[in-house]
Amino acid sequence: MYFVPFVPTPYPVVREMLKLAGAGKDDVVYDLGCGDGRILVVAVKEFNVKKAVGIERDGERVKEAVRRINEEGISDKAMVIQGDFFETDISEATIVTLFLLTSVNEVLRPKFEKELRDGTRIVSHEFRIPGWKHEKMIEVKDDNSLTHVVYLYIKGRHL
């Protein structure tokens, strides 16, 4: 069991993550550790993805994300699964978003290799996936002028 503290991804970073992944109408986004659901909302409302699924262990965060999805009127396209993302099937994803820790990303790597189809885009805020080569890396300034790093990996082209 891993503990990753809840630190929301700033909105400018959320948008750049989805833009870097090329999110669009045919995509299914999975946000591992979705927190308050902000990536799900932006993916559906601004990038018009087909479906957005958040996986979150913390019950309070799940309630917050579900409330936000309902308030935004996107419950037909966005949902939250309360549970452990290590134990949840993510094979439907065409895009996976992460803001975890390098150590957690490393443990997730075999799951990605087993469950995700080639061509699936994995976008990680701040932390690399050890053993994989990123396709692109960008720097994004948030509203407080802090710089964030975002890595794009593409399953099947990461070695």
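Everything that follows concerns the structure shown earlier in this document.
Cut-off values and rules
- Residues numbered from 1 in each chain as written.
- Predicted model: local features only at pLDDT ≥ 70, side-chain atom pairs only at ≥ 80, totals over all residues.
- Heavy atoms only, no water.
- Buried < 20%, exposed > 50% of the residue type's maximum accessible area, 1.4 Å probe, protein only.
- Helix = DSSP H or I, 4+ residues; strand = E, 2+ residues; numbered from the N terminus.
- Pairing = 2+ DSSP bridges.
- Right-handed = clockwise from strand over helix to strand, strands pointing away.
- Contact = heavy atoms within 4.5 Å.

Peer 1: Would you take a moment to explain the pairing of strand β1 (residues 28-32) for this structure?
Peer 2: On a regular strand, one side chain projects to one face of the sheet and the next to the other, so that they alternate. Counting buried positions over the five residues of β1 gives five, a clear majority of the element. Judged by which residues are buried, β1 turns out to be covered on both faces: V28, Y30 and L32 on one side and V29 and D31 on the other are all buried. As paired strands, β1 and strand β2 (residues 51-56) are joined by five bridges and run parallel to one another. Within β2, the position partnered with Y30 by the bridge is V53. Since β1 and β2 lie parallel, the crossover through helix α2 (residues 38-47) that links them has a hand, and here it is right-handed. Direction of pairing for β1 relative to strand β4 (residues 95-98): parallel, over a ladder of four bridges. Of the residues in β4, the one forming a bridge with L32 is L98.

Peer 1: Would you explain the environment of F6 in this entry?
Peer 2: Position of F6 relative to the elements: it lies in the segment before α1 (11-20). Take F6: its relative accessible area is 36%, and that puts it in the partly exposed class. With 94 residues separating them along the chain, F6 and L100 place their C-alpha atoms 9.2 Å apart. Look past the residues within four positions of F6 in its chain and what remains in contact with it is G35, D36 and R61.

Peer 1: Can you walk me through unusual backbone geometry in this structure?
Peer 2: Glycine aside, the phi torsion of most residues is negative, and most peptide linkages are trans. Positive phi, normally seen in glycine, also occurs at N48, with a value near 55°. Along the chain, N48 falls in the loop between α2 and β2. What makes N48 partly exposed here is its relative accessible area of 42%. Residues other than glycine seldom take positive phi values, yet S145 does so here, at roughly 65°. Structurally, the position occupied by S145 is in the loop between β6 (136-141) and β7 (147-154). Overall, the relative accessible area of 52% leaves S145 in the exposed class.

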